[in-house]
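# Structural description and commentary
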Amino acid sequence: MANPMATTGSPAKPARSIAFAFGLLAAALVIFASFYGAYAWNSVQLEKMAELRNLTDMAARSSSLFLRRYAQVLPLLAEKVLAAEERQRGNEIPALLRRYQRAQPDLARIDLFAPDGASVASSAEPASVAAREWSDPDRREAIAETLSKPGLVVGRPRYGLFLHAWIVPLRMRVLDPASGAPIAVLSAVALLDELDSLWRGLQLPAHGLIGLIRDDGYPVARLPPPPDPKSYYAVAGRSFLWRHLRSRDFPGSGELRDLSAVDGLDRIYTYQRVPDYPLTAFFTIPHAAFWAAWRHRVQVPFALFALALAGLIFAAIWISREQAAREHERDLAEAALNNRESELKRQTALLAQTQHAAHIGGWELDIASNHLYWTEETYRIHETTAEEFKPVVEQAIEFYAPQSRGPIRAAIETAARTGEPWDIELELITARGQRIWVRATGSAEFGAGDRPAKLSGSLQDVTERRRADERIRRLAHYDELTGLANRNLFNYHLSRTLSHAERYGRQFSVLFIDLDRFKNINDTLGHDVGDAVLRVIGRRLSETMRAADIVARLGGDEFVVIAEEVSPDEGTAEIARKLLARIEQPVPAQGQEFILTASVGISTFPTDGRDMQTLIKHADIAMYRAKDRGKNTFEFYSSHLNADNVERLSLESDLKRAMVEMDQFVLHYQPKVAVADGRIVGVEALVRWASPDRGLVPPYKFISLAEETGLIGAIGEWVLNTASHQALAWRNAGLPAVRMAMNISARQLYSDELVEQTRRVLAETGLDPDTLELEITETAMMQNMEQMSARLTQLKALGLHIAIDDFGTGYSSLSYLRRLPIDSLKVDRSFVMDVPGDPDDATITRAIIALAHSLRLEVVAEGVETVAQLSFLRDLHCDQIQGYIFSKPVSAADLEDLLRRDSGLALPPVQSAA
């Protein structure tokens, strides 16, 4: 033992040497990185400054070329002006100026001024524009400046009042050929935007600015354009660059660094004189761009330096530790070698056995001594260690769950007697209380007398496999979204229920449930919200039914229930009512509440079918009948429903064919009459389907079908286009202006295309948006208040008139009336039908009209057919009425005849207060 202890301190010196060597390498790497950073900074500075000088040079040369062109053009124009004067043809000068101006696309106008500043001629129409472009003192000052200088004079930029743009005057004096005295001034007005366009082809760095500045301190051009051109171009001497140039007598080129007076940034400037002109071109970028370029250049090398440094440090630590550990292990290895040889042989044998059984835990039992040996993996499976637990057969069996102890004990005892092997799956409780499933195997090793001497085997944790099997089984029989039975499990239970009912003469019912208008939720709010709603509905259906009843989801928004041992009439009807009531309760999702309804179809065994397919089909037919009856109800199957279902499929097929050309649809128009004077103030466009086989199909037969099949969007778009163009035709025919109203379906309303369709129709027809009215049902409006508010705000922004149709029939609060941009309410015909005789309907109608007027909304009463109804509504100051008392829906030609005759409604006399 003395020798290993004496060598424990020996690795210290090699470890320190290794750490010192790695430290030198790390220091060298840091120094190299510092030198590289400095080198990269110098390179970036040189490259950036070269780039700035090149851009400044291009700016100066392009500006010089631009000005030189007009320095050549204007003298030619001056010669022609002088020639016209000599011929005493002064009236030719404006045309000459216009011709030259058209030949120079960069010029917005050419003017000719007398030496006193008076306007002589201009290419503008009228000629007085040039004189009024600026004030007299400014004009005389500019003319005087031009008369005193030879060549082209670049004026200060100013805002052109008649051009509505910033301009740069380019002026040149006109000399008398005889005396050489200046006799006029030619002024060419160039758009500042055209001057800026010289540089737009340049690849400017981020936050880079390029521009021109005059020697008197006034800026001439800048790209990008200044945010406030008026304050930028109107003030001289504001730029510190100009002060720098003036202090050095305007050098040919140079560079400087200072804080910008415009944006307050620390900037680098390069400048260059524009040849032959008192102008200086400059280019500037923030000094921070240098640092950004430097960071971009060094980020990868520095990252590599950092990784290399971290690697060196880690390697130094790891190698030092490994070196010390190896030295220590080497000293201990010789002492432990003999003790481990026998253990190594045993582990080798067990390793071979566990490898054969797919690398699982192993064990060995000596039958004579009853000594039990576990491998390390076996301890891990039991969640214990060799220090915590000494394996004994009886105590090892106690790890198994109570129901599994008998089988494992019997297997061990049988193998100890006969050598019979075993392979079973059992539940095991680990030392930490976790329940797992294991696969236990064992076999015997025979000794003298062919009797078992040892037992050995393996133990494999198969919990995950069993869980996976359970998940697969559940996915095969249960709906993943709602946890309800799926179609496979439902068919199995329905088959068993059929067999049981056949054997014992029982009755049961199948309830087919389909959510109403559920597709609107998926289309408008997304499938995540739709899935959340389906989970809530599935849970409610399960809670409503008994534990013995089967509730399944067949797919989408379709659910089905098997109700056993209930009366086929009263009992099943009561179940359907409970289910509908539970579904109708508000569903919270994404901070909102939705009110859903459903349609339920019921078929009963054996009355409506004696096999699965027939019962499900008949329940489905009854469900569609419930939808046709207005939804949110239930319907028992009867034989005539099958014929109705066939008719519905035929109608759907005909409707899809009609959608191909849209030539089978026509619009009828029902007038809206003002109660005050009986005149027509509006019409409602009502779609009709003129089927070649069915004749004129009323809306109630095909509108709901179009909504369910998704065809209502195309029909709604056709109504919008056709009604708008009809309104345009009436206007062009000189008929009295009336407001055109049309119904908008929920699917169309929630579509993102509605606003764009409406905008396109308004652009095509040129109609006043206020002459178009969109009628939206209260029920559709309440499906998603937040989205509805945003959509109606978009439509209202177009100038449209918004009305709520069928008001009073929804389930919503009246508070939305003040939240939504609506203009009028239409009182549903169900309230108007029995007034004034029915006191309840009269009270509701009176309250709706009073509420609407208090909110400054128009009120339109639908379904007015009698004089008594009209008198009642007039007494309540209802604004408009619509109904057969005036006219039923008529064709466009008949309505045009009504408008031409200016037909009015004969109002009953006002009853005396006495």
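Residues numbered from 1 in each chain as written. Predicted model: local features only at pLDDT ≥ 70, side-chain atom pairs only at ≥ 80, totals over all residues. Heavy atoms only, no water.

What follows deals with the side chain of Q726. Its place among the elements puts Q726 in helix α21 (residues 712-732). The exposure class of Q726 is buried, given its relative accessible area of 19%. Ignoring sequence-local partners within four residues, the contact set of Q726 consists of Y669 and A892. (Helix = DSSP H or I, 4+ residues; strand = E, 2+ residues; numbered from the N terminus. Buried < 20%, exposed > 50% of the residue type's maximum accessible area, 1.4 Å probe, protein only. Contact = heavy atoms within 4.5 Å.)

On average, residues of the chain carry a pLDDT of 83, and 89% of them reach 70 or more. Low pLDDT (under 50) marks residues 1-11, which in the prediction has six contacts with non-local residues, meaning those over four places away or in another chain. (pLDDT = per-residue confidence, 0-100.)

Our focus in this paragraph is the packing of aromatic side chains. Enumeration over the complete set of coordinates arrives at 23 aromatic pairs. Judged by centre distance (5.0 Å) and plane angle (90 degrees), the rings of F240 and Y269 are edge-to-face. In this pair, F240 sits in helix α8 (residues 240-247) while Y269 sits in strand β10 (residues 266-273), placing the two residues 29 residues apart along the sequence. Pair check on accessibility: F240 and Y269 agree, each one buried. Among the aromatic residues, ring-to-ring pairing joins F32, Y36, W41, W291, W294, F302 and F305 into one connected group. The ring of Y218 carries the charged tip of R156 above its face, separated from the ring centre by 4.1 Å. Taking the ring centre of Y232 as reference, the NZ or CZ of R222 above it sits at 5.3 Å. (Phe/Tyr/Trp six-rings, centres within 6.5 Å; stacked < 30°, edge-to-face > 60°. Lys NZ or Arg CZ within 6 Å of the ring centre and 35° of its normal.)

With that settled, the discussion passes to unusual backbone geometry. Between L223 and P224 the backbone carries a cis peptide bond, its omega angle lying at 0 degrees. Of note, the amide linkage connecting F605 to P606 takes the cis form, showing an omega dihedral of 5 degrees. Positive phi, close to 60 degrees, is recorded for D249, a residue that is not glycine. If you trace the backbone, D249 turns up in the loop between α8 and β9 (253-259).

Bringing the packing of helix α15 (residues 518-525) against helix α16 (residues 527-544) into the picture now. Contact pair α15 / α16: the axes reach a minimum separation of 7 Å and the direction vectors enclose 145 degrees. Residues F518, I521, N522 and L525 of α15 lie in contact with α16, whose contacting residues are H527, V529, G530, V533 and L534. (Axes fitted to C-alpha atoms, helices over the stretch in contact; angles between N-to-C directions.)

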